Amino acid sequence: MKICLRGATTVNRGGGVKMGPVIGIRHLQAALLFLAICVNYIARLNVSVAVVAMTDSATTNPDFPEYNWSEAQRSYILSSFYWGYIITQFPAGFLVRHFGAKIVLFIPTLATAILSAVTPYTISEGGWVAFSVLRIIMGLFQGLIFPCIHEHLAKWSPPKDRNRLGVFAYSGADCGSVMAMGISGLIANSSMGWPGISYVSAGLCGIWCLLWLLLAANSAPSSKLVGQSERDYIERSLKREDGFHVQKIPIPWRALWTSVPFYALLIVRSAQGWANSTMQLQTPAYMHGVLEMDIKSNALYSALPFVAMWCMSYIYLAFADVAMSRKWMSLNTLRKSINTIAYWGPAAALIGIGFLGKEQTAWAIALMTINAGLNAGSGIGSILTIIDMSPNHSAILMAITNGVGNIFPLLTPLLVGVIVTDPGSRSQWQIVFALTAIVFFVGNLVYIIWGTTDQQPWDAVDFLKSRDAELDQDSASVKREKAAIKAIDAKTEKAM
């Protein structure tokens, strides 16, 4: 027998919400998020291959201009994206809460398409300085993306589907990295030359914008495509009453900034930001300088680690599904266990990479691939913890953690520029990789000790209202006590 709840949803007598369709519009939304991350990552990361092509035409199509940029100038170009990126992270959390993910995610992707299209002209007119400015502007727009991604996942992902939808959406970063590294070298070596890298990025972002406008919706109730059973499944699984999406939930700032699990999450995600900037932006420079690989094979081999990440993310997901369905461990233990493999495994691999030279190219590529593959677990391990802890404030939490975490990608290319004065020096690259390994180790250790997947008390819709009620009661009690004391004092004075 089944019992009907308000809104025409059904639940089993045991209290479980009836499952929605196996494949539904929530999966379409995750696919759109996958593509959003993918095309924006291509535009973000292809610069590492493009810069090598622009400064060494001997290894690519020589029919296009070559620029004699110093190592420091290259570092400015590589880091400039993040100068703008960190600025808009925090405002993004507010924008997506107010306007919804559909419009806020559309704007940066459209801007990325336009900026990518004008990149070759900008460089020809203004050199590395103009290139850096354009990258800063692109970073300003793309800073809006991940708070939108998290907000959209929180709105569309029932708890039972959260790992699947979240991992699939975020695997767009691995796909985008593969595409940026893998095809950029081929494009630069083709008749399109290095300008073609930007033109292809612009076209991909433009196509996604059209798909997003046609198929996306801010929530299940606002979607014209979703069926009643799936809408009820999503909303009731997340314990949302009718009218939930129109209310404005105040942010519990004091509780948030005094939350120990939140700081643990902030630290572990900052460690990932440091590592990502090293692996994504410095890999082509290391392979070109130390391993002496040409631009075409450099790009292909640079893409191998991200292919491994892409594949391993689904292996981690399969393990997580089995572990949770068979109740091998709690969600908290699962996330921390996977995150430990994803952080400490790569830490060991990075140290090993630093001891390899051009004679051990195959070993270096193998270790870098293993490194990246193991690190794919950080999605299940710590990114989705944000939604576990606070589905109602996931955009704000993502804005803060991603904003702080991306201060390090801003600094690491500059730090590498200081440490690596000779791109062919293995000993200088050893320092870079050792620092990254230490950051990995410490970040995960903090997460193990103080992190949690428990939904936090301050995520409750009425958290601040209940606190205000308690304060009002305390205030009333104090007033009554003062009145009683005054009455006693008055009686005492009369008696005297």
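Residues numbered from 1 in each chain as written. Predicted model: local features only at pLDDT ≥ 70, side-chain atom pairs only at ≥ 80, totals over all residues. Heavy atoms only, no water.

Enquirer: Which parts of the structure should I look at to understand the overall build of the protein chain?
Expert: In terms of helices and strands, the protein chain carries 20 helices and 2 strands. Taking all 496 residues of the protein chain together, the buried fraction comes to 55%. Of all intrachain contacts in the protein chain linking residues separated by at least 6 positions in sequence, the fraction that spans at least 24 positions is 84%. Total accessible area computed for the protein chain in this model is approximately 21100 Å², and 66% of it derives from carbon and sulfur atoms. (Helix = DSSP H or I, 4+ residues; strand = E, 2+ residues; numbered from the N terminus. Buried < 20%, exposed > 50% of the residue type's maximum accessible area, 1.4 Å probe, protein only. Contact = heavy atoms within 4.5 Å. Areas by Shrake-Rupley, 256 points an atom, 1.4 Å probe, with all protein chains shown as cover.)

Enquirer: Can you help me understand the nonpolar core in this one?
Expert: Nonpolar side chains tend toward joint burial in soluble globular proteins. Of all hydrophobic cores here, the largest spans 98 residues; its most connected members are Leu 105, Phe 146, Ile 149 and Tyr 286. In terms of residue count, the dominant contributor to this core is helix α1 (residues 25-45) (9 residues). With residues near it in sequence (within four places) discarded, Phe 146 still touches Ile 37, Tyr 41, Arg 44, Tyr 85, Tyr 170, Met 398 and Asn 402. Core analysis: the second largest hydrophobic core is formed by 15 residues, Ala 50, Met 54, Ala 188 and Trp 194 among them. (Core = buried A, V, L, I, M, F, W, Y, C linked by side-chain atoms within 4.5 Å.)

Enquirer: I keep staring at a nonpolar patch on the surface and nothing clicks. Help me out?
Expert: Residues Val 260, Leu 415, Ile 431, Leu 435, Ile 438, Phe 441, Val 442, Leu 445, Ile 448, Ile 449 and Trp 450 make up a contiguous nonpolar surface patch of roughly 930 Å² in combined accessible area. The greatest single-element share of the nonpolar patch, amounting to 9 residues, is contributed by helix α19 (residues 426-450). On the basis of relative accessible area, Leu 415 is assigned to the partly exposed category, the value being 33%. (Patch = residues over 30% accessible without salt bridge, like charges linked within 9 Å, V, L, I, M, F, W, Y side chains within 5 Å. Salt bridge = Lys/Arg side-chain N within 4 Å of Asp/Glu carboxyl O.)

Enquirer: Help me out: how do you make sense of the packing of α1 against helix α5 (residues 101-142) in this one?
Expert: When two helices pack together, their arrangement is given by the angle between their axes and by how far apart the axes lie. Relative orientation of the contacting elements α1 and α5 amounts to 10°, with a least axis distance of 10 Å. With respect to α5, the axis of α1 lies roughly parallel. Of the residues in α5, those touching α1 at Leu 33, Ala 36, Val 39, Asn 40, Ala 43 and Arg 44 are Leu 105, Pro 108, Thr 109, Thr 112, Ser 116, Arg 135, Met 138 and Gln 142. (Axes fitted to C-alpha atoms, helices over the stretch in contact; angles between N-to-C directions. Parallel < 35°, antiparallel > 145°, perpendicular 65-115°, else oblique.)

Enquirer: So what exactly am I meant to see when it comes to the packing of aromatic side chains here?
Expert: The way to describe two aromatic rings as a pair is by their centre distance and the angle between their planes. Taken as a whole, this structure holds 23 aromatic pairs when the rule is applied. In this structure an aromatic cluster arises from ring pairing among Tyr 67, Trp 69, Phe 131 and Trp 194. A cation over a ring is seen here: Arg 44 above Tyr 85, with NZ or CZ 4.6 Å from the ring centre. (Phe/Tyr/Trp six-rings, centres within 6.5 Å; stacked < 30°, edge-to-face > 60°. Lys NZ or Arg CZ within 6 Å of the ring centre and 35° of its normal.)

Enquirer: Can you walk me through the side chain of Asn 40 in this structure?
Expert: Locating Asn 40 in the fold gives a position in helix α1. Judged by relative accessible area, which is 1%, Asn 40 ranks as buried. If we ignore the near neighbours within four places in the chain, the residues touching Asn 40 are Pro 108, Thr 109, Thr 112, Gln 142 and Ile 145.

Enquirer: Sorry if this is basic, but what is going on with unusual backbone geometry here?
Expert: The bulk of non-glycine residues show a negative phi, and the bulk of peptide bonds are trans. The phi angle at Lys 327 is positive, at roughly 60°, despite the residue not being glycine. Examined against the element boundaries, Lys 327 turns out to sit in the loop between α12 (295-325) and α13 (331-353). Taking the relative accessible area as the measure of exposure, Lys 327 reaches 73% and is therefore exposed.

Enquirer: I would appreciate a short explanation of the pattern of salt bridges in the present structure.
Expert: Across all of its chains, the model carries 7 salt bridges by this definition. Its salt-bridge partner being Glu 151, residue Lys 155 comes within 3.2 Å of it at the nearest N-O pair. Remark: Glu 151 and Lys 155 occur in helix α6 (residues 145-156); sequence separation between them is 4 residues, near one turn of the helix. According to the relative accessible area criterion, Glu 151 is buried, its value standing at 8%. Taking the shortest distance from any N to any O, the salt bridge between Asp 161 and Arg 164 comes out at 3.5 Å. Judged by relative accessible area, Asp 161 falls into the buried class, the value being 6%. Residues joined by salt bridges that share partners form a network here, namely Arg 26, Asp 161, Arg 164, Glu 230 and Asp 321.

Enquirer: What is the right way to read helix α4 (residues 89-99) from this model?
Expert: Residues that lie three or four places apart on an α-helix share one face, since the helix turns once every 3.6 residues. What α4 keeps buried is the set Gln 89, Ala 92, Gly 93 and Val 96. For α4, the angular spread of buried residues about the axis comes to 105°, placing them on one side. The inward-facing, buried residues of α4 contact α3 (71-85), α5, α6 and α17 (394-405). Where α4 terminates, the next one or two residues include Gly 100, which has phi positive at roughly 90°. (Arc of directions from axis to C-beta.)

Enquirer: Looking at this structure, I do not really get the confidence of the model for the protein chain. What am I missing?
Expert: The predicted coordinates of low-pLDDT regions are not to be read in fine detail. Looking at the protein chain, pLDDT values average 82 and 84% of them are 70 or higher. Predicted confidence is poor over residues 1-11, with pLDDT under 50, and the contacts of this stretch with residues over four places away or in other chains come to 26 contacts. (pLDDT = per-residue confidence, 0-100.)

Enquirer: How should the environment of Ala 349 be read in this particular structure?
Expert: Assignment of secondary structure puts Ala 349 in helix α13. Along the primary structure Ala 349 and Ala 372 are separated by 23 residues, whereas in three dimensions their C-alpha atoms are 9.4 Å apart. Apart from residues no more than four positions distant in its own chain, Ala 349 is found in contact with Leu 367 and Asn 371.

Enquirer: Is there a simple way to think about the side chain of Thr 401 in this case?
Expert: Looking at the secondary structure, you find Thr 401 in helix α17. In terms of polar contacts, Thr 401 uses its side chain to reach the backbone carbonyl oxygen of Met 398, at 3.4 Å. In this structure, Thr 401 is in contact with Phe 262, Leu 265, Leu 266, Arg 269 and Ile 386, ignoring residues within four places of it in sequence. (Polar contact = N/O pair within 3.5 Å; in protein donor to acceptor, adjacent residues only side chain to side chain.)

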